[in-house]
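Overview (structure and organization)
Below are the chains, spelled out letter by letter.
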Amino acid sequence: MYKQILVPVDLNENGFSDRAIETAIWHAKQSNAQLHLLTVLPGIHMPMVASYFPKDAAEVMRKDVEKQLNQFAEQQIGDQVAYKVHIAEGKAYKTILKYADKLAADLIIMPSHKRSKLDKAVLGSVASKVVQASPVNVLVIKPQG
């Protein structure tokens, strides 16, 4: 069925990605697929943004996030299924789609925030944009409650 499953992970909100990971593990077990956990960092290398940070800030941030993502993966997945972690930089939905293509993902499983209609109209939704633009199946896990 599926061979490569991409799971975007937001480490900023405790518990936010947990249900998506649980669902991804289940799907991976059913089809012997590999999971790819992806955390997208904001574009700190953009010239206007980079000028406000010390030169090594981006690398320090990247290493810290990679450590956090590895800890998250070990806690949530352990040895249940094969997985890899990825850290990327850029606009979230574009980077998710780019990685889905790069990894030849055949399924994207991602959490969705519970936002008001006003928030969605003003900010847009990463999950919504991924669903609209993705050439592969996207399973969106809604928050409980």
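Computed from a prediction, not measured in an experiment: that's the story for all the values here.

This paragraph deals with helix H1 (residues 18-31). Taking 1.5 Å of rise per residue, 14 residues should cover 20 Å, and H1 covers 20 Å from first to last C-alpha, within 8% of that figure. Buried residues along H1 sit in contact with strand S1 (4-8), strand S2 (34-41), helix H3 (57-76), strand S4 (107-111) and strand S5 (137-141). Following H1 by one or two positions, asparagine 32 adopts a phi angle in the positive range, close to 55°.

The residue asparagine 32 is not glycine, and still its phi comes out positive at about 55°. Its location among the elements puts asparagine 32 in the loop between H1 and S2. On the accessibility criterion, asparagine 32 (68% relative accessible area) is exposed. Positive phi, close to 55°, is recorded for alanine 104, a residue that is not glycine. Following the sequence through the fold, alanine 104 ends up in the loop between helix H4 (92-102) and S4. Overall, the relative accessible area of 55% leaves alanine 104 in the exposed class.

About the thresholds
Residues numbered from 1 in each chain as written. Predicted model: local features only at pLDDT ≥ 70, side-chain atom pairs only at ≥ 80, totals over all residues. Heavy atoms only, no water. Helix = DSSP H or I, 4+ residues; strand = E, 2+ residues; numbered from the N terminus. Expected span 1.5 Å × (residues − 1). Contact = heavy atoms within 4.5 Å. Buried < 20%, exposed > 50% of the residue type's maximum accessible area, 1.4 Å probe, protein only.

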